[in-house]
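Descriptive structure summary
Here is what each chain is made of, one letter per residue.
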Amino acid sequence: MHSHAQGRVGDFALTPTADGFSWTIPAGPTMTIRYTATIKDGTWVEVGDRIVPDQAPARFFEMTLKRVGNTDWPAAGSVAPK
């Protein structure tokens, strides 16, 4: 995964799962950021958790994207809203 965020950039291993993928970013000597995506029935749900040893994961990010249809983008423009 090639990631750009808040002025930082990096390449990180992407791990396939049964219904999506996950990837992690080292964030200091003891913390890791883990993103997990699931894709089902045209919906992509991705969450981000801060992982610190001996602590429960702390969720700081969640997004849900719903597929609305096919497009010939970019030549044909965007998909019209429903």
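To keep things clear, this report deals only with the structure shown in the data block.

**Side note on the overall build of the protein**
Helix and strand content of the protein: zero helices and seven strands. Since a compact globule built from 82 residues should have a radius of gyration of about 12 Å, the 16 Å found for the protein marks it as more spread out than a globular shape. A buried classification covers 20% of the 82 residues belonging to the protein. In the protein, which carries 8 positive and 8 negative side-chain charges, the distance between the mean positions of the two groups comes to 4 Å.

**Considering the sheet that holds strand E4 (residues 20–26)**
Taken together, five strands build an open sheet; the order of strands is E3-E4-E5-E6-E7 and the sheet is antiparallel. The open sheet terminates on both sides in strands that have one partner only, identified here as strand E3 (14–17) and strand E7 (58–66). When strand polarity is set aside, the average angle formed by the axes of neighbouring strands in this sheet is 15°. Relative to strand E5 (residues 32–40), E4 runs antiparallel, the two being bridged by seven bridges. Paired with Ser22 across the two strands is Thr36, which belongs to E5.

**Some details on the packing of aromatic side chains**
A full pass over the atoms with the stated rule returns five aromatic pairs. Ring plane angle 85° and centroid distance 5.6 Å describe the contact between Phe21 and Trp44, whose orientation is recorded as edge-to-face. Of this pair, Phe21 sits in strand E4 while Trp44 sits in strand E6 (residues 43–51), and the two are 23 residues apart along the sequence. Ring centres of Trp23 and Tyr35 lie 4.7 Å apart, and the angle between their planes is 25°; this geometry places the pair in the stacked category. Placement of the pair is Trp23 in strand E4 and Tyr35 in strand E5, with a sequence separation of 12 residues. The pair formed by Trp23 and Tyr35 is uniform in burial state, with each residue classed as buried. Here the aromatic residues Phe12, Trp23, Tyr35, Phe60 and Phe61 are joined through ring pairs into a cluster of three or more.

**Some points on the nonpolar core**
Phe21, Trp23, Ile25, Ile33, Tyr35 and Ala37 together form the largest nonpolar core, which totals six residues. Among the elements of the structure, E4 and E5 are those that each provide at least two residues to this core. Excluding anything up to four places from it in sequence, Tyr35 contacts Phe21, Ser22, Trp23, Ile25, Glu46, Val47, Gly48, Phe60 and Phe61.

Rules of the game
- Residues numbered from 1 in each chain as written.
- Predicted model: local features only at pLDDT ≥ 70, side-chain atom pairs only at ≥ 80, totals over all residues.
- Heavy atoms only, no water.
- Helix = DSSP H or I, 4+ residues; strand = E, 2+ residues; numbered from the N terminus.
- Rg over C-alpha atoms; globule rule 2.2 N^0.38 Å.
- Buried < 20%, exposed > 50% of the residue type's maximum accessible area, 1.4 Å probe, protein only.
- Lys, Arg positive; Asp, Glu negative; His and termini not counted.
- Charge placed at Lys NZ, Arg CZ, Asp CG, Glu CD.
- Pairing = 2+ DSSP bridges.
- Axes fitted to C-alpha atoms, helices over the stretch in contact; angles between N-to-C directions.
- Phe/Tyr/Trp six-rings, centres within 6.5 Å; stacked < 30°, edge-to-face > 60°.
- Core = buried A, V, L, I, M, F, W, Y, C linked by side-chain atoms within 4.5 Å.
- Contact = heavy atoms within 4.5 Å.

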